[in-house]
Amino acid sequence: MQRRVVVTGIGLMCGVGNTTPEVWKNLLAGKSGMAPITGFDTTGFSVTFAAEVKNFDPLDFVDKKESRKMARFIHFALAATHEAMEMSDLKITDANADRVGVHIGSGIGGFDIIEREHSAMLAGGPRKISPFFIPAAIINLAAGQVSIRYGAKGPNEATATACTTSAHSIGDAYHIIKRGDADAMIAGGSEAAITPMGVGGFAAMRALSTRNDDPEHACRPFDKDRDGFVCGEGAGILILEDLEFAQARGAKILAEIIGYGMSADAYHITSMAPEGEGCHRAMAHAIKSAGIQPTDIQYVNAHATSTPVGDVLESAAMEKLFGEHATSGKLLISSTKSMTGHLLGGAGGLEAGITIMAILDEKAPPTTNLENLDPDCHLNYVPNKAQDLHIDIALSNSFGFGGTNGSLIFRRWS
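Residues numbered from 1 in each chain as written. Predicted model: local features only at pLDDT ≥ 70, side-chain atom pairs only at ≥ 80, totals over all residues. Heavy atoms only, no water.

Asker: Explanation requested: the overall build of the chain in the structure shown.
Answerer: Secondary structure assignment for the chain yields 14 helices and 14 strands. Here the C-alpha atoms of the chain give a radius of gyration of 20 Å, agreeing with the 22 Å that 2.2 N^0.38 yields for 414 residues. Going through the 414 residues of the chain one by one, you find that 60% of them count as buried. Considering only contacts in the chain between residues 6 or more positions apart, those separated by 24 or more positions represent 78%. For the chain, the accessible area works out to roughly 15800 Å², and carbon and sulfur atoms hold 53% of it. (Helix = DSSP H or I, 4+ residues; strand = E, 2+ residues; numbered from the N terminus. Rg over C-alpha atoms; globule rule 2.2 N^0.38 Å. Buried < 20%, exposed > 50% of the residue type's maximum accessible area, 1.4 Å probe, protein only. Contact = heavy atoms within 4.5 Å. Areas by Shrake-Rupley, 256 points an atom, 1.4 Å probe, with all protein chains shown as cover.)

Here's what the structure looks like:
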């Protein structure tokens, strides 16, 4: 018999808040995290705004000497993990350390460090490259630093699957526990790609919104006037545990993870497959693995990034999968990226946490800036204002470049 897996801790940070309660409060209020970029000089850039994490001091979580050896995405991962561990009250001891693992990924990793050290090399030659450059920047060092910080000696992995990264991290950690290879996993993702090369690169692809004069209303999922996504940063970390392990230590259970689905579009490096066929299969696989019916789901946190093509295809996939349950408006769907921006590899972790908060608080957060519904989008996207809803089962979608898809399903704990 496969083990059941529950969530006992959540750590969230993004452009609308640095803790889970702050993020959730501001999402329900429809607050935007978008503003002009402060982290670098945007002169000459076609896009000058993003959803930066605000008022964050890494020295609250790591000492000054160690902080200099870490990229910003690692700082975020440590901060979100701290909150999640505090919430879960999970204590890692000599007795259980090899049964507690870490699975934290990033889509891009230490862009800030890569850019800084490249500039140092150009200015002063290769001897100016820091000896800490590589371990400060590579993607698996978020998981590595968390493991070192807490003494977690179980499975240690890092996923890098573009914008599906942390959904895959959580899903893979779920399977690690289910098959008995660990009793608890610290899982999720972190991203800090609001850098000159990060913003400049996505702008060069024409993937970003260019509403520089109105950042707060730039991200408009499912709206006919959407013109691209907004870069966000932050982290989302969950503490997953075997049910019996959690109950034995008296943990407060927040939700149960019951389904996980993956798929590949096998179609294009950036565009989704026609009719959203790949994301349809990921959701269908998750529903099958959960042993439920599509009509059992009350809420979906959509991947919808505010791109002209992607939102329509995800909506079409949901319409096909959920049928009348969706077209009748009974299924509530929202894209919280309208406020947080797109955290890339951190998005799935952030949105998994948001999905659990929706279950706990019985509220579907809004899709803001939805003023003129795209005529090709026919469902209930919770426009502009949160809606009260008793949610027993909810689904969170993440899709990434290269056609990599992931869907997670969470159930109310009772």
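Asker: How do you make sense of the side chain of Asn 26 when you look at a structure like this?
Answerer: Relative to the elements of secondary structure, Asn 26 occurs in helix 1 (residues 20–28). By relative accessible area, which is 11% here, Asn 26 ends up buried. A polar contact is formed between the side chain of Asn 26 and the backbone oxygen of Val 16, at a distance of 2.6 Å. Apart from the residues lying within four places of it in its own chain, the contact partners of Asn 26 are Val 16, Lys 31 and Met 339. (Polar contact = N/O pair within 3.5 Å; in protein donor to acceptor, adjacent residues only side chain to side chain.)

Asker: Would you mind going over the pairing of strand 8 (residues 255–264) with me for this structure?
Answerer: The two faces of a sheet get side chains in turn, since along a regular strand they alternate between them. The buried fraction of strand 8 amounts to eight of the 10 residues, a majority that puts the element mostly inside the structure. Of the pairings in the sheet, the one linking strand 1 (residues 5–13) to strand 8 comprises three bridges and is antiparallel in character. Note on strand 8: the bridge partner recorded for Val 7 is Ala 255. Sheet topology note: the strand 8/strand 14 (residues 404–412) ladder contains nine bridges and is antiparallel. Its bridge partner being in strand 14, Ala 264 is matched across the sheet by Thr 404. (Pairing = 2+ DSSP bridges.)

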